[in-house]
Every structure is written in structure tokens, then in C-alpha cells.
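Residue-level listing of the chains:
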Amino acid sequence: MSGTGIFLSVASATVLFLLICASSCWACNKALCASDVSKCLIQKLCTCRPVEGNCSCCKECMMCLGSLWEECCDCVGMCNPKDYSESPATSKSTVEELNQPIPSLFRALTEGDAPLNMMVVSFPVAEELSRHENLVSFLETLEDRHKNVSFPGKRIHANNDNKDSMCTVVYFDDCVSIRQCKKYCQSMGGSKYRWFHNACCECIGSECVDYGSKVVKCMNCMF
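Everything quoted here is computed from the prediction, not taken from an experiment.

## A look at the packing of aromatic side chains
Note on aromatic pairs: each is described by the distance of the centres and the angle between the planes.
1) Next: One pass over the full model with this rule turns up one aromatic pair.
2) Next: Arranged with centres 5.2 Å apart and planes meeting at 50 degrees, the rings of F172 and Y184 form a pair that is tilted. One end of the pair, F172, is in strand β3 (residues 166-172); the other, Y184, is in helix α9 (residues 178-187), with twelve residues separating them in the sequence.
3) Next: Given a relative accessible area of 9%, F172 falls into the buried group.
4) Next: The class of Y184 is partly exposed, set by a relative accessible area of 30%.

## Here's the deal with the nonpolar core
In summary, soluble globular proteins display a tendency toward joint burial of nonpolar side chains.
1) Next: Residues V37, L65, V76, M78, V169 and C203 are the most contacted members of the largest nonpolar core, which totals 50 residues.
2) Next: Apart from the residues lying within four places of it in its own chain, the contact partners of V169 are F106, M119, V120, V121, F123, E202, C203, I204, C208, G212 and S213.

## Things to note about the pattern of salt bridges
1) Next: Under the criterion given, the structure shown has five salt bridges.
2) Next: Here K182 ties to E96 by a salt bridge, and the two come within 3.0 Å at their closest N and O atoms. In this pair, K182 sits in helix α9 while E96 sits in strand β1 (residues 93-97), placing the two residues 86 residues apart along the sequence.
3) Next: Under the relative-accessibility criterion, K182 is labelled partly exposed at 28%.
4) Next: Judged by relative accessible area, E96 falls into the partly exposed class, the value being 29%.
5) Next: Among the salt bridges present, the one from R194 reaches E202, with a minimum N-O distance of 3.8 Å.
6) Next: A residue is classified by how much of its surface remains accessible, and R194, at 6% relative accessible area, is buried.
7) Next: Residue E202 is classed as buried on the basis of its relative accessible area of 0%.
8) Next: Each of D36, K39 and R179 takes part in one network of salt bridges that share partners.

## Here we look at the pairing of strand β5 (residues 201-204)
1) Next: Along β5, one buried face is formed by C201 and C203 and the opposite face, lined by E202 and I204, is buried too.
2) Next: Two elements, β3 and β5, share three bridges in a ladder whose sense is antiparallel. Opposite V170, over in β5, you have C203 as the bridge partner.
3) Next: Inspection of the sheet shows strand β4 (residues 192-196) paired to β5 by four bridges, in the antiparallel sense. Each bridged residue has a counterpart across the sheet, and for R194 the counterpart in β5 is E202.

## Digging into the state of the cysteines
1) Next: Evaluation of the coordinates by the stated rule reveals eleven disulfides.
2) Next: Each sulfur in the disulfide pair C48 and C57 lies 2.0 Å from the other. Judged by the torsion about the S-S bond (-95 degrees), the C48/C57 disulfide is left-handed.
3) Next: Of the residues examined, C48 reaches a relative accessible area of 3% and is grouped as buried.
4) Next: With relative accessibility at 9%, the residue C57 sits in the buried group.
5) Next: Between the sulfur atoms of C55 and its disulfide mate C58 the distance is 1.8 Å. On the sign convention where negative means left-handed, the S-S torsion of about -115 degrees between C55 and C58 marks this disulfide as left-handed.

Criteria and cut-off values
Residues numbered from 1 in each chain as written. Predicted model: local features only at pLDDT ≥ 70, side-chain atom pairs only at ≥ 80, totals over all residues. Heavy atoms only, no water. Phe/Tyr/Trp six-rings, centres within 6.5 Å; stacked < 30°, edge-to-face > 60°. Helix = DSSP H or I, 4+ residues; strand = E, 2+ residues; numbered from the N terminus. Buried < 20%, exposed > 50% of the residue type's maximum accessible area, 1.4 Å probe, protein only. Core = buried A, V, L, I, M, F, W, Y, C linked by side-chain atoms within 4.5 Å. Contact = heavy atoms within 4.5 Å. Salt bridge = Lys/Arg side-chain N within 4 Å of Asp/Glu carboxyl O. Pairing = 2+ DSSP bridges. Disulfide = S-S within 2.5 Å.

Below you can see the structure in the form of C-alpha cells.
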């Protein structure tokens, strides 16, 4: 395809994306979804209409959007618009542990002056532990009743000797996709990441017992 043809395809996909959002996607996260949605529209993978009984492309569209399906399916008219009025995106997040963290790398990158476009925040691990006291107590009660069933939470309770340590996390200033968040945190040697559903990314150091802070602090991605 020539350069002109590619440009026209991108322009057409962008126009279609805007038309779809204008008509039915009032809650669509355009900042997060525009790039991936445009790509899927260029490939004509999200052009069917489930609300009209035509779901012939639904699976292909879901595979194209990948991990952004949940956040972006309404941008292509595949699912009902999301209602954030009762629970804002900043109160929701997705967390994941990362394979083969490199604690020494994470410490080196977060000591001293923070690199450009990110904020380093440290707080006592005891703050994380305190949030889990009631949960651990409840889980241990259940475990006493069901001796053969293993419940999560005991590991956090057992690490009380780390309560004087500091948990260090990194926030990126700008909004990023969940895939970018995971990639960035892996490249920094982080042990976990928390991706808020407003597209704020938090990388979490190995000293942290839980998943860092639940407060959004991305300078350019607060809403």
C-alpha cells in the first residue's frame, strides 16, 4: 500500500472512530483507546454490530483489542457504555506480579532525583500491613473452619518483620495503556504494577508487601 493509501486508511479509521463515539460511546476513554481502536478499524475487525444481532466479528475484534477490550469495547460499539458516575476510574485498578524482578535495578533508578516524567514515592510498609489486618483476620477464621483449604493472606501476615521497611513506588506522569505499564515496570526491575483504570501507571518495588498505594498520583493523568 502506498503512503497516500495508508494515510487515507488512517484518516478514514479516525473519522469512523469519532463518528462511533459521537453516537454511542459517551463514556469511551478516547485518550487510552484511540490508537488501538483505529488500528482495529483499519483492519475492519470491529465493524459488526452486536446490538443489531450481528456479532460475526466480535471474537476478532476482542483479539485485536487484547488487554484493552474491557476498557475500549464501548469505543467500537461492541458493549454497553460504561457508567463511571458511581465509581470513578481512579478508584479501580488492575494489579499483577512480575516475573524475575531486579530489586537492585529498581532501587538504583528510584534513589536520588527522580527521572524525568515520573514521580517516586516512599512510605512505610506498615501502612500496607495495616490495610490487611481485618482481611487476614477474616481469612484465618475461615481457614480454621476449613482446615484443608488454603486461603491467601497468610504470607502478608507472616512478613510483619518487614514492617519497618519502606515501600517505594513509581508513578508515570502521563497516561499509558496497561501493556505499556507492565512493560515499563518490567524494564525498571519492579516486582509488581498497579494500573488504574484512568490509565495511571504505578510500578512497585520488591520491599512492598502488597501492591503499593491505592492513590492515583500521575501528574498528567489524574481523572
